[in-house]
Amino acid sequence: MSEQIIIIGAGCAGYTAAIYTARANLSPLVITGSQLGGQLTTTTEVENFPGFPDGIQGPELMMNMQTQAERFGTRFAYENVISVSHDNSGMFTVTTSAQSYQARAVIVATGASARYPGIEGESRLIGHGLTACATCDGAFYRNVPVAVVGGGDSACEEAMFLTRFASEVYLIHRRDTLRASRIMAERVLSHEKIKPVWNAVIDGYLTDESGEVSGIYLKSTTTEERSELALKCVFMAIGHVPNSSFLGDLVERDDHGYIIRIPGTMSTKTPGLFAAGDVTDSQYRQAISSAGMGCSAAIEAERYLASH
Ligand code: NAP
């Protein structure tokens, strides 16, 4: 059986697109991918999503969005999409690790995944003292030193969260000024447990006898000087990589992999294929802007289906 519309991704953009297309009686199928709820499930308090004057926990906000989408008849498949193809009749085939689905329109809302710098030996250390999620792993590192790498809002948020557990939090940044918003930067720099390490990048990892991270080599970005820092966990917060590669040549991408839409629309170069949220947004990358894009993509998809 073919679907009217498939939404790929279950973050702010995907859930919002689901709410709108479900209310338009399109009975959307959301294929969630492995990170149900998207990036907000790895944050704590969300203070800037309108409508929550006292803030709301990221996972709770996402659960609310899923409940709201289900209320209007959205269906969910908890599978990973591997590829999407498009035939001459305009039909899409969405292939997951479990099966294939047919749909007349597709909204891609697959977001972006944490970036790692690509240092030798890094991949085998993920989960062994190297991670990109303080909310997930912070509580394992009580009363020991840890580091956060990055100078943006994510790095500041992670560092603040980690002060609840760690004895000290080194904030390692490649420059000497933070990119983060002023309010976050001020909070971080005035916190007694957070120790900024300016003009430095990680140049290697030290491990103990059980293969867990026990320290890092730092390299100065100004003098190239190398030093060592003992710690138990490194939290990477150096940005994200958009999850767009599974779309092959159905979409145009910029140099960083973000999907390029037809200007002034939510449409990609393939008619019936729309993109919303962080997978197509290198500029704003906010929960609320992703939700807004999900809404716009849903309205455009609805009009596309009505006219085809
Ligand atoms: P970001 O703003 O792009 O910051 C990434 C940081 O990592 C930058 O400081 C960058 O350094 C550094 N970096 C990048 N590549 C690196 C490398 N290879 N080695 C070392 N450092 C590297 O990313 P983000 O913090 O994830 O934030 C993404 C967006 O989400 C932003 O728009 C942000 O405002 C938003 N956000 C908002 C909130 C909130 O409002 N509550 C929370 C989290 C994120 P440079 O500064 O030198 O480029």
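Residues numbered from 1 in each chain as written. Predicted model: local features only at pLDDT ≥ 70, side-chain atom pairs only at ≥ 80, totals over all residues. Heavy atoms only, no water.

Things to note about the packing of aromatic side chains
Where two aromatic rings form a pair, the distance of their centres and the angle of their planes describe that pair.
Inference 1: Per the stated rule, a full pass over the model turns up six aromatic pairs.
Inference 2: Note on Phe 49 and Phe 52: the rings are 6.2 Å apart at their centroids and 50° apart in plane angle, and the pair reads as tilted.
Inference 3: A relative accessible area of 28% places Phe 52 in the partly exposed class.
Inference 4: Judged by centre distance (6.0 Å) and plane angle (75°), the rings of Phe 274 and Tyr 304 are edge-to-face. Here the residue Phe 274 occupies a position in strand 21 (residues 273-275), and Tyr 304 occupies one in helix 7 (residues 287-307), the gap between them amounting to 30 residues. Each member of the pair Phe 274 and Tyr 304 is classed as buried.
Inference 5: Put simply, the rings of Tyr 15, Phe 76 and Tyr 78 touch in pairs and so form one group of aromatic residues. (Phe/Tyr/Trp six-rings, centres within 6.5 Å; stacked < 30°, edge-to-face > 60°. Buried < 20%, exposed > 50% of the residue type's maximum accessible area, 1.4 Å probe, protein only. Helix = DSSP H or I, 4+ residues; strand = E, 2+ residues; numbered from the N terminus.)

Description of the state of the cysteines
Inference 1: In the structure shown here, the tally under the stated rule is one disulfide.
Inference 2: Across the disulfide, Cys 133 is cross-linked to Cys 136 (sulfur-sulfur distance 2.0 Å). Disulfide Cys 133-Cys 136: the torsion about the S-S bond is 75°, which places it as right-handed.
Inference 3: For Cys 133, a relative accessible area of 7% translates into the label buried.
Inference 4: Of the residues examined, Cys 136 reaches a relative accessible area of 44% and is grouped as partly exposed.
Inference 5: The cysteine Cys 12 is free of any disulfide, with Cys 295 supplying the nearest cysteine sulfur at 13 Å.
Inference 6: Residue class for Cys 12 comes out buried when judged on its relative accessible area of 9%. (Disulfide = S-S within 2.5 Å.)

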